[in-house]
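The residues making up each chain are set out below.
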Amino acid sequence: MDEICSDDKPPSTSVASCTSCNVPSPSLMYPAQGCALCDQGSKMVLFITGLCERTCWYCPLSQERKNKDHVYANEHEIRSPDEMLIVAEKMSALGTGVTGGEPFSVIDRLVQYTRVLKETYGKGHQIHMYSGIAPTKEDLEQIVGLVDEIRLHPPVELWDDISTTEYAISVNLARSLGFQIGFEVPSIPGLEKFTSFLSQLDFLNVNELEWGDTNANAMRSAGYELANPTSNAVRVDLRAAQEFLKEPKVHWCSSHFKDSVQLRRRLIRIATNTARPFDEITEDGTILYGVLKGDPDLTSVVDLSENMYIRYNDRIELAWWILEDIASDMSKYNPQIIERYPDDGHILEVIPL
């Protein structure tokens, strides 16, 4: 094989390998504790800021968030820790992953939000965070007892001799303060350079390179292309890192696995907690319901119990299967079936009837 396999195998209880290219498949024996909760879909994503001084050419962050100082809990923009807790409750979150941007660039906010999580849910609420900088002892001391696991992202230009860099110093400082500490890096050539440094880490996560709107030009300039037309995963030649990727401390996280397993399971948790009686929860964790525009008189065509519809100022939302039966009688009210993410999330499809 000239490139890494983008196929995903079901999680197993040991580190399995793709039969076609010998790359480890997702496993339930994650070296990073936070990954196990992500796999269950039980970890809230706290996007603490989009600000970052790094300019990594492969960064897939969207134009909506990149270099913008906004806070999101899962897909919802929030403005306070209280709003964060509402999102956490709706998914019965067992942990939180703090990301950005650079979380240390808003360290007061990082401390505030993680402290609220720990005070509300207890020490057992596992929190991991990502950082592109090499945090100092002062940085780390401010989040002791608030963050459990740190995932550092050293610049590619430092990979050749990582053990002599400030990131190696940060690793030792973090371990001395009781953090779980590891690296999280993109799947680009050169991963094997970390082999000698693995003994200093608790884990090393390799994220499959992803194509996005903000990095598309850089991807093309670097000569990369999509692995297949139905995914945003990027085809990369990692033959030199095959043995490294089999190391017990190394975890391969594919684009497909994040979208089709982790995100799907998180959406199902949210939908289970927030769906209305007439919403149908799909196997992907989205919800389906029907909509009639305007102010139609439903009683003339169907006998509905109160929990099977909601009347708003400009529309009625109801069970899609009921709407399908009465659509011809309600044609002037623009009957539609809506598929969207749960909890008033993004609309994915509108199907006219």
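Cut-offs and rules
Residues numbered from 1 in each chain as written. Predicted model: local features only at pLDDT ≥ 70, side-chain atom pairs only at ≥ 80, totals over all residues. Heavy atoms only, no water. Phe/Tyr/Trp six-rings, centres within 6.5 Å; stacked < 30°, edge-to-face > 60°. Helix = DSSP H or I, 4+ residues; strand = E, 2+ residues; numbered from the N terminus. Buried < 20%, exposed > 50% of the residue type's maximum accessible area, 1.4 Å probe, protein only. Lys NZ or Arg CZ within 6 Å of the ring centre and 35° of its normal. Pairing = 2+ DSSP bridges. Arc of directions from axis to C-beta. Contact = heavy atoms within 4.5 Å. Polar contact = N/O pair within 3.5 Å; in protein donor to acceptor, adjacent residues only side chain to side chain. Axes fitted to C-alpha atoms, helices over the stretch in contact; angles between N-to-C directions.

A. Structural view of the packing of aromatic side chains. One pass over the structure, following the stated rule, counts seven aromatic pairs. Measuring from ring centre to ring centre gives 6.0 Å for F47 and Y72, while their planes differ by 70°; the resulting arrangement is edge-to-face. Taken together, the residues F47 in strand β1 (residues 43–49) and Y72 in strand β2 (residues 71–73) connect sequence positions 25 residues apart. What makes F47 buried here is its relative accessible area of 3%. Taken together, a centroid distance of 5.3 Å and an interplanar angle of 80° make the contact between W57 and Y58 edge-to-face. Of the residues examined, W57 reaches a relative accessible area of 33% and is grouped as partly exposed. The buried category is assigned to Y58, whose relative accessible area is 8%. An aromatic cluster of three or more residues is present, and its members are W159, F183, F194 and F197. Sitting above the plane of the F47 ring, R65 keeps its charged end 5.0 Å from the centroid. In this structure, R315 is placed above the aromatic ring of Y312, and the distance from its NZ or CZ to the ring centre is 4.0 Å.

B. Here's a closer look at unusual backbone geometry. Omega for the peptide link from G100 to G101 comes to 20°, which places this bond in the cis form. Along the chain, G101 falls in the loop between β4 (95–100) and α3 (107–121). You will see that N334, though not glycine, has its phi angle at about 55°, which is positive. Take N334: it is sitting in the loop between α8 (320–326) and β16 (336–340). Take N334: its relative accessible area is 35%, and that puts it in the partly exposed class.

C. A look at the pairing of strand β15 (residues 315–318). As judged from the four bridges shared by strand β13 (residues 287–293) and β15, these two strands associate in the antiparallel manner. Across the sheet, L292 pairs through a bridge with I316, a residue of β15. Of the strand pairs in this sheet, strand β14 (residues 309–311) and β15 are connected by three bridges, and their pairing is antiparallel. Looking across to β15, one finds that I310 is bridged to E317. If you look at the hairpin formed by β14 and β15, you'll find three residues sitting between the two strands.

D. Looking closely at helix α5 (residues 166–176). Those residues of α5 lying buried are Y167, A168, S170, V171 and A174. All buried residues of α5 fall inside an arc of 160° around its axis, so they share one side. Facing away from the buried side of α5 by over 90 degrees, the exposed positions are I169 and S176. Here the buried face of α5 lies against α4 (137–141), β6 (149–152) and β7 (180–186). A positive phi of about 95° marks G178, the residue just after α5.

E. The arrangement of the environment of Q126 in detail. Along the chain, Q126 falls in strand β5 (residues 126–131). For Q126, a relative accessible area of 9% puts it in the buried group. Considered as a pair, Q126 and A88 are 38 residues apart in the sequence and their alpha carbons are 13 Å apart. Not counting chain neighbours up to four residues away, the residues in contact with Q126 comprise Q33, G34, L37, K43, L94, G95, T96, D148 and E149. Polar contacts involving the side chain of Q126 include one to the side chain of E149, which spans 3.2 Å.

F. Up close: the side chain of N215. Along the polypeptide, N215 turns up in the loop between β8 (203–207) and α6 (216–221). Judged by relative accessible area, which is 0%, N215 ranks as buried. At 3.0 Å, the side chain of N215 forms a polar contact with the backbone oxygen of E210. In this structure the side chain of N215 is engaged in a polar contact, spanning 2.7 Å, whose partner is the backbone nitrogen of G212.

G. Broad picture of the sheet that holds β4. With respect to topology, nine strands assemble into an open sheet ordered β3-β2-β1-β4-β5-β6-β7-β8-β11, the strand pairing being mixed. Whereas interior strands pair on both sides, the edge strands pair on one side only; in this sheet they are β3 (76–78) and β11 (250–253). With direction set aside, neighbouring strand axes in the sheet form an average angle of 25°. Two elements, β7 and β8, share five bridges in a ladder whose sense is parallel. Each bridged residue has a counterpart across the sheet, and for P186 the counterpart in β8 is N207. Strands β1, β2 and β3 of the sheet are contacted by helix α2 (residues 81–90), whose axis makes an angle of about 150° with β3. Across the sheet, helix α7 (residues 255–274) touches β1, β8 and β11, and the angle it forms with β11 is around 80°.

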